[in-house]
Number of protein chains: 2
Amino acid sequence: MSRPAQRAKTAARSGKTRPAEVQASALRQTRREHANETAEDYAEAIAELTAATGEARATDLARRLGVSHVTVIRTVARLQRNGLVTTRPYRSIFLTEKGTRLAEASRQRHELVVEMLRALGVPEAVAQSDAEGIEHHVSPETLATFQRFLHRQAGTPQK
Amino acid sequence: MSRPAQRAKTAARSGKTRPAEVQASALRQTRREHANETAEDYAEAIAELTAATGEARATDLARRLGVSHVTVIRTVARLQRNGLVTTRPYRSIFLTEKGTRLAEASRQRHELVVEMLRALGVPEAVAQSDAEGIEHHVSPETLATFQRFLHRQAGTPQK
DNA sequence: TGCAACATGTAGCTCAGGCTACATCATCCG
DNA sequence: CGGATGATGTAGCCTGAGCTACATGTTGCA
Ligand SMILES: [Mn+2]
Ligand SMILES: [Mn+2]
Ligand SMILES: [Mn+2]
Ligand SMILES: [Mn+2]
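Asks: Whenever I open this one, the packing of aromatic side chains confuses me. Can you help?
Replies: Aromatic ring pairs are described here by two measures, namely the spacing of the ring centres and the angle between the planes. Applying the stated criterion across every chain, the model contains one aromatic pair over all chains. Between F149 of chain A and F149 of chain B the ring centres are 6.4 Å apart and the planes differ by 65°, which places this aromatic pair in the edge-to-face class. One end of the pair, F149 of chain A, is in helix α7 (residues 140-155); the other, F149 of chain B, is in helix α7 (residues 140-155), on a second chain. Here F149 of chain A falls in the buried class, since its relative accessible area comes to 6%.

Written out as C-alpha cells, the structure reads:
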C-alpha cells in the first residue's frame, strides 16, 4: 500500500489498457449524447402524435414517454427555451423547423438501428426496446456503416 | 384547434404508430439503464487501474473518466453506500465481490460491443467511442445475438 | 527532518429530470 | 347552461452528476 504517485502513470502504459485520454473523451462524448437524448425522444414523440392524431398534447406525451404530466410540462418549457417547440398555455405542442429536423433525423436513426438489430437476429420486441437507448449513441460514421451493411444484405441473394 | 380529448386515443390506434405503452416501457428501461451506467463505468475503470498499476486512486480515476476529482470522490461514496467498493480516507479504492462481478460483466459486454461494431466495418476509434455509450443499452438477448453472429463469422470461411 | 507538491476532502453552487399534492382552466354533455 | 371531469399548471420536494474554490493530509526528497 505504498504510494506510487505519478509512478503509476508510467506503469500504466506498459499494459494493453486504453490510454486514459482516449477513454475520457469517449465518456465525455457519451455524456454529451445523454444531454440531447430527451430532446430527441420528445421531438420524435411529438412528430408521431401529430402525424397520428393531428396534435400533440401534454397528457398523450406523458403516457407515451412513461413520465408524469408535470415532467412533460417542465421539459417542454425547456425545449421551447431551446427553440425546438412552440406552445401556449392550455394548448397543444408544435415542433419548430429546427424541432422538425431533429424529429426526422431521430426517426430515421431509430428505424435504422432497429433494422440493424433485426438483421442480426435480435427478436423484434427486444430490438424495439434496446434501440430506444442505443440510438442516441450511434455516431454518423456508425450509422453509415449500418446502412452499407443493410444494403449489402438486401442486395446479396442469401441462401 | 378543437379539443378531441380522449377521442385521440382511438384515432391513434389506426396508424402504424407504436402503441404508447410499448414505447413508454422501452423508455423506462432506458432510464433504468442510465441509472446503472455510472456504476458500470466506474467498476470497469477501477478494475483496469488495479490490474495495470496495482491500485485505483481518485485522481487516476478522474483523469480516466474525464471528470473532476470531486465528482469521483462523491460518486465513489455512493458506490460504497451501494456495496460496490470499499475505501478509506486518503487511501485507494477497492472493488467488493459484487463490484468485481459488475466490472467483469461490464468488461465482457464492452468488448463484445466493440467487436460487433468492428465486424460490421466501423473504424476502430469510432467503435471504441460509440461502444462506451451503446454498451449500457444492450440487453442479454441482444448480447447473445452478437455472440452468435461473431462466432458464425469466425467459423465461416469468408472469401 | 521538514516542507513543497500533490492527493484527498469539504462547502456550496448549477442543472436535468424525476416525483406528489394541490390549484386552476376548458369543455362536453346532461 | 352549469357542473363534473379531465387537461394543464404550480409549489415544492428529491437525487444524480457535474463544477470551482478552498482546506486539509501525506509523503518523497532536498
Ligand atoms: Mn430513445
Ligand atoms: Mn426513439
Ligand atoms: Mn445512454
Ligand atoms: Mn460506458
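From this point, the discussion proceeds with the structure in view.
Asks: How should the relation of the copies chain A and chain B be read in this particular structure?
Replies: Superposition of the two copies of the chain requires a rotation about an axis and a shift along the axis. Relative to chain B, chain A is turned by 180° and slid 0.0 Å along the rotation axis, the superposed coordinates differing by an RMSD of 0.0 Å. Taken together, these values place the two copies in the relation of a two-fold axis. Among all residues of chain A, the minimum C-alpha distance to the rotation axis is found for I134 of chain A, at 2.6 Å. Taken as a fraction of all interface residues of chain A, those also at the interface in chain B reach 100%, which identifies the copy contact as same-surface.

Asks: Please clarify how the coordination of the manganese ion (ligand 4) should be interpreted in this entry.
Replies: Ideal donor angles around a metal are set by the shape: a four-donor tetrahedron calls for 109.5 degrees, a six-donor octahedron for 90 or 180 degrees. Residue and element names in this part refer to chain B. Those donors, D41 (OD), E132 (O), E132 (OE), E135 (OE) and H136 (NE2), are the protein atoms that reach the manganese ion (ligand 4), and they lie 2.0 to 2.4 Å from it. Here the donor residues for the manganese ion (ligand 4) map to a single chain with the spacing D-x90-E-x2-E-H. Note on accessibility: E132 and H136 belong to one class, buried.

Asks: Help me understand the domain arrangement of chain A, please; the structure alone is not making it clear to me.
Replies: By a frequent convention, interface size equals the accessible area lost on bringing the separate parts together. Residue and element names in this part refer to chain A. You can read the domains of chain A as domain 1 (19-96) and domain 2 (99-154). Contacts between domain 1 and domain 2 engage 13 residues on the former and twelve residues on the latter. Together, the buried faces of domain 1 and domain 2 total about 1100 Å²; carbon and sulfur atoms form 53% of this surface. On the domain 1 side of the contact with domain 2, E33, E40 and E44 bury the most area, a combined 47% of that side's loss. Put simply, domain 1 and domain 2 have one salt bridge between them. Between E40 and R109 there is a salt bridge; the shortest N-O distance is 2.9 Å. Our count for the domain 1 to domain 2 interface comes out at seven residue pairs in polar contact (both at pLDDT 80 or more). In terms of residues, the side of domain 1 that touches domain 2 owes the most to one element, helix α2 (residues 20-53), which gives ten residues. Considered class by class, the residues forming the side of domain 1 that touches domain 2 number five nonpolar, three polar and five charged.

Asks: Could you clarify how one ought to interpret helix α3 (residues 58-65) of chain B in this entry?
Replies: Taken as a whole, α3 of chain B has its buried residues at D60, L61, A62, R64 and L65 of chain B. Remark: G66 of chain B follows α3 of chain B within two positions and exhibits a positive phi of approximately 75°.

Asks: Is there a simple way to explain the side chain of H137 of chain B in this structure?
Replies: Within the fold, H137 of chain B resides in the loop between α6 (124-134) and α7. Polar contacts involving the side chain of H137 of chain B include one to the side chain of H137 of chain A, which spans 3.5 Å. When residues no more than four places from it in sequence are discounted, the contact partners of H137 of chain B are H34, D130, G133, I134 and H137 of chain A together with T30, E33, H34 and E37 of chain B.

Asks: Could you clarify how one ought to interpret unusual backbone geometry in this entry?
Replies: Among all residues except glycine, the phi angle is most often negative; among peptide bonds, the trans geometry is most common. With a phi angle near 65°, Y90 of chain A is a residue other than glycine that sits in the positive phi range. Note on Y90 of chain A: relative accessible area 76%, which makes it exposed.

Asks: Which parts of the structure should I look at to understand the nonpolar core?
Replies: Across soluble globular proteins, you tend to see nonpolar side chains buried next to one another. The biggest cluster of nonpolar side chains holds 32 residues, and the ones touching the most others in it are L117 and L120 of chain A together with L117 and L120 of chain B. If sequence neighbours within four positions are ignored, L117 of chain B has contacts with T142 and F146 of chain A together with V122, A127, D130, A131 and I134 of chain B.

Asks: Help me understand the packing of α2 of chain A against α6 of chain B, please; the structure alone is not making it clear to me.
Replies: Each packed pair of helices is defined by two parameters, the angle between the axes and the distance between the axes. Contact pair α2 of chain A / α6 of chain B: the axes reach a minimum separation of 8 Å and the direction vectors enclose 50°. Comparing the axis directions of α2 of chain A and α6 of chain B gives the class oblique. Between α2 of chain A and α6 of chain B lies a crossing whose hand is right-handed. Facing α2 of chain A, whose interface residues are Q23, A26, L27, Q29 and T30 of chain A, α6 of chain B presents Q128, S129, E132 and G133 of chain B. Looking at the contact of α2 of chain A with α6 of chain B residue by residue, the classes come out as two nonpolar, six polar and one charged.

Asks: What exactly am I supposed to notice about empty space enclosed by the protein here?
Replies: The gaps of empty space that remain are located by a probe, the size of a water molecule, rolled over the atoms. According to the stated counting rule, one finds three cavities of 30 Å³ or more in the structure shown. Within this model, the largest cavity holds a volume of roughly 110 Å³. Around the largest cavity, the lining residues are V113, M116, L117, L120, I134 and F146 of chain A together with V113, M116, L117, L120, I134 and F146 of chain B. Of all elements in the fold, only α5 (97-120) of chain A together with α5 (97-120) of chain B reach the threshold of two or more residues within the lining of the largest cavity. Taken together, the residues that form the lining of the largest cavity break down as twelve nonpolar, no polar and no charged.

Criteria and cut-off values
Residues numbered from 1 in each chain as written. Chains lettered and ligands numbered in written order. Predicted model: local features only at pLDDT ≥ 70, side-chain atom pairs only at ≥ 80, totals over all residues. Heavy atoms only, no water. Phe/Tyr/Trp six-rings, centres within 6.5 Å; stacked < 30°, edge-to-face > 60°. Helix = DSSP H or I, 4+ residues; strand = E, 2+ residues; numbered from the N terminus. Buried < 20%, exposed > 50% of the residue type's maximum accessible area, 1.4 Å probe, protein only. Least-squares fit on C-alpha atoms with pLDDT ≥ 70 in both. Contact = heavy atoms within 4.5 Å. Donors = N, O, S within 2.8 Å, 3.2 Å for Na, K, Ca; no water. Domains from an automatic or database assignment. Buried area = accessible area lost by both parts, 1.4 Å probe. Salt bridge = Lys/Arg side-chain N within 4 Å of Asp/Glu carboxyl O. Polar contact = N/O pair within 3.5 Å; in protein donor to acceptor, adjacent residues only side chain to side chain. Nonpolar A, V, L, I, M, F, W, Y, C, P; charged D, E, K, R; others polar. Core = buried A, V, L, I, M, F, W, Y, C linked by side-chain atoms within 4.5 Å. Axes fitted to C-alpha atoms, helices over the stretch in contact; angles between N-to-C directions. Parallel < 35°, antiparallel > 145°, perpendicular 65-115°, else oblique. Left-handed = near helix turned anticlockwise from the far one by under 90°. 1 Å grid on protein atoms, 1.4 Å probe; cavity = no way out; pocket = protein on both sides within 12 Å on 5 of 7 lines; lining within 4 Å. Points joined across faces, edges and corners; volume = space filled by probe spheres on them.

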